[in-house]
Amino acid sequence: MEKVYASALERLLSQGVKEDALMKNLMTHLKARGRVKLLPAILRSLKVAQIRNTVTGATVEVARKEDAAKALSAAATHGITADKAIVNESLLSGWRGRSKGVLVDQSGKRALTDIYQRVVKV
Amino acid sequence: MDSIIKRIEKEIADFAPATGAEETGIVRATGDGIAEIDGLDKAVMTEMVLFDPTFDRSLEDALKDADPVYGLILNLEEDGVRAAILGDASRVYEGMLVRRLGRLLSIPVGDSLVGRVVNPLGDAVDGKGPTKATKFVPIEREAYGVMDRAPVNVPLHTGIKAIDSMIPIGRGQRELIIGDRGVGKTTVAIDAILNQKSEPEESRPICIYVAIGQKESKTAKIVAQLAELGAMEYTVVVTAPASAPAALQFLAPFAGAAIGEHFMDSGRDALVIYDDLSKQAVAYRQMSLLLRRPPGREAYPGDIFYLHSRLLERAAKLSKEKGGGSLTALPIIETQEGDISAYIPTNVISITDGQMFLLSDLFNKGMRPAIDTGNSVSRVGSAAQTKAMKKVSGKIKLELAQFRELEAFMQFSSDLDEDTKKRIDGGRRMTEVLKQTNGQPLPFEMQSAIIFAAVNGYFDAFTPDETSAMEKKMQEYFLREAKNVLSGIREKKEITEDLEKELRSALQKFVEINKGA
C-alpha cells in the first residue's frame, strides 16, 4: 500500500502538482481513511525511490576529457541527458552513458572485451 | 600462433560496435543462488540476463575474469526482478551491472550432441571441446496439441522380459519408474538405453539420459558403461550434478526435453530418461522458497504439479503430417519406505501413462528387476505391443498375482493340495524366468520365445530351482539351434502357426536333451 502512495506522490510531483497542496490533500485523505499510520512507511518508500533515482540517474563517462562535449551530445540522441561528463580512463576510448536502466556503451573497453570473449569462446 | 593471430584479425575486421541502447539493472542483493535486481522494467519471465563482471573494472582486471555469469528471471516484481544465478553465484555482487539479453533461456541442439555429455545450458562437460550444435531452441516450450499427435502404437523395447511382457512401453509414452533408493531404477533405465543397440539403425531411438542431482561419480560410471557397450553412439547425457546450483538441477529435465524434441521434430524417435524428478522437485522447492514464493504442502510451491505436467506433456508421438517422430519419457521417482502415496509420487503417477513400481522386498529376495507386477501398469503400451509378445504374455500377470496370493498363504499352511502345489511351482518357475541380470537386455524375439516356453509348460520338466540356469541354456540353444525361428519372429513380429510349430519342436528337443542332465 505504502509503495502505491509513494509512487502516486512521485508521479504527481513530476506532473508539476504543487507540494503544499499535495501534502495537504494527502493528509486529509489518510485521516479520512484512517491510514495515518502508513505515513512512516510512505516516507521510507519515497526515500528508497529517491536513492534509486540517484543511482539510475543520467551519467555520461568519457575516456578523455576532450571528448566530453561530443559524448554528451551523442548521449542526448539516446535520451541520456547529463549535465557533465565524468572522466573514466578505464574506458580506454569512446564513451558510455546510463539513464534509468538504459545503457549505451561505445567505449573501447567494451569493444575489446567483446572481441576477447568471442575469440576465447570459439 | 598463426591461427590465433588470424582469428583475432578476423574478429577485429568483422567487429561492429554495439551502438544501440541496452536495458540494464543493478544487483540489489544476492545470496543462495538468487539475485534481486533493481530495474529491468521490461524483462519477461524466463528471460536470460547477463551479470557483467567487466563493467566497473579496468580492462586488465576484466579480462582476468571475463567469463559471463548468466541468470534466469523467475520473479517479476513491482520494483525489480529476481533471477536464479546459473553459474558461480560467488561472482555476483551487490551493485553489479545486469544486462537483458532479450532471449528466453535457450540451448544449442543438433545431431552433434549425440555421444556428448553436456550441462543444462548445452555446454560440453566431457572435456572433448565445445559441441558443434548451432541451432538454439528455448528450453521451455508448449507441448504439441491434440491434432498434432498420433496414437501410441509402435513398441519401445526395453530388453527386460518383465517389462516388455507385462508393462509394455510405446514410443511417445510416459512411463514412470518408481521405487526406494537402491532397488535398480537407474539400472532399468540404462538397460532400456542399452537395448536400443539391437534396434535397426533407421528406427533406433536417440536416447537422452538426464542426471539430476546425482553424484558425479555415478554419472561418470554410467557414461563409461554406455561408452563401453557402444551405447554412447546414440546417446546424449545431460548432467546437473548434486554440486550444481539448484537452478541448473531444475532446468536439466527441460534441457533434456528440448534436445529430445529436436530429434522428434526431425521425424526420428527419441527416448528421454529423467533421473530423477524427486531431486528436481527438491531443487525447485529450494528455489521457490528463496524466491519468496508461498510454500504449500511439504513446502513445495503451488505450481509443483504444473512443473512436472508441462515437462512430461512434451513426450508425444507425432502425426504423419508432423513427421511421425516421437519422444518417449521415462521419469524416475524415488520413494521413501515404498510410500507411493506421498505428494510428488502421486503427482507424477497421475501425470504419466503408467508406472513400474520396484520393491525393495523383492530386490532383497533376489528378484531382478524387482518389479512389483501388482502395482505396475502401462495404460497405453499394450496397443504398441508386438503380436508375438501379446500372444505369449497374455496370462502372465494374472498367474503371478495368483502365485503371490498363494505364496503368502503357503507361509502358514504346511499341508497343500496337489493343484495348489502345482500353481506355486508354476509361479516360482515364472518368477525365475523373469529374472534378468542387469546390463544384459534381450531382443524381443528372444524374450517372446522364452516366455512362450514358460507359459506353455516347457520348464515344467525342471525343478523351480533349476529354471534360471535352464533359461540361460535355452537362450544359448536358441542362438545355436533355432536361429531361423528367432529371425522369423523378428521379421514378422508375430508367432505364426508355422513358426509356432518350429518353436515347439525346438523346445521339445531342448527339454529332451536337458531333462535329467
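Residues numbered from 1 in each chain as written. Chains lettered and ligands numbered in written order. Predicted model: local features only at pLDDT ≥ 70, side-chain atom pairs only at ≥ 80, totals over all residues. Heavy atoms only, no water.

## A closer look at the overall build of chain A
Thought 1: Of regular secondary structure, chain A possesses 5 helices and 4 strands.
Thought 2: Along chain A, helices and strands appear, N-terminal first, in the series α-α-α-β-α-β-β-β-α.
Thought 3: Taken over C-alpha atoms, the radius of gyration comes to 21 Å for chain A, far larger than the 14 Å a tight globule of 122 residues would show.
Thought 4: Split into buried and exposed, the 122 residues of chain A put 34% on the buried side.
Thought 5: Counted over contacts in chain A with a minimum sequence separation of 6, partners at least 24 positions apart contribute 49%.
Thought 6: Of the roughly 7,800 Å² that chain A leaves accessible, carbon and sulfur atoms contribute 57%.
Thought 7: Taking the average location of the 22 positive side-chain charges in chain A and that of its 11 negative ones, the two points are 9 Å from each other. (Helix = DSSP H or I, 4+ residues; strand = E, 2+ residues; numbered from the N terminus. Rg over C-alpha atoms; globule rule 2.2 N^0.38 Å. Buried < 20%, exposed > 50% of the residue type's maximum accessible area, 1.4 Å probe, protein only. Contact = heavy atoms within 4.5 Å. Areas by Shrake-Rupley, 256 points an atom, 1.4 Å probe, with all protein chains shown as cover. Lys, Arg positive; Asp, Glu negative; His and termini not counted. Charge placed at Lys NZ, Arg CZ, Asp CG, Glu CD.)

## Brief notes about the domain arrangement of chain A
Thought 1: Once the domains are mapped, chain A shows domain 1 (2-55) and domain 2 (59-121).
Thought 2: Of note, the centres of domain 1 of chain A and domain 2 of chain A, computed from C-alpha atoms alone, are 35 Å apart. (Domains from an automatic or database assignment.)

## A look at the pattern of salt bridges
Thought 1: Within this structure, the stated rule accounts for 40 salt bridges over all chains.
Thought 2: Residue D114 of chain A is joined to R110 of chain A by a salt bridge in which the shortest nitrogen-to-oxygen separation is 3.5 Å. One end of the pair, D114 of chain A, and the other, R110 of chain A, are both in helix α5 (residues 108-121), 4 residues apart, so they sit about a helical turn from each other.
Thought 3: The closest approach of N and O atoms between D65 of chain B and R57 of chain B, which form a salt bridge, is 3.1 Å.
Thought 4: Since its relative accessible area comes to 25%, R57 of chain B is described here as partly exposed.
Thought 5: A single network of salt bridges, built from pairs that share partners, joins D105, R110 and D114 of chain A together with E22, D52 and R99 of chain B. (Salt bridge = Lys/Arg side-chain N within 4 Å of Asp/Glu carboxyl O.)

## Quick notes on the nonpolar core
Burial of nonpolar side chains together is a common tendency in soluble globular proteins.
All names here are of chain B.
Thought 1: I193, L226, F250, I259, Y274 and F478 are the most contacted members of the largest nonpolar core, which totals 140 residues.
Thought 2: Top contributing element to this core by residue count: helix α6 (residues 246-265), with 13 residues.
Thought 3: Ignoring anything within four residues of it in the chain, the contact list for F478 reads M446, A449, I450, K483, L486, L503 and L507.
Thought 4: By size, the runner-up hydrophobic cluster in this structure holds 15 residues, among which are A35, I73, V81 and M96. (Core = buried A, V, L, I, M, F, W, Y, C linked by side-chain atoms within 4.5 Å.)

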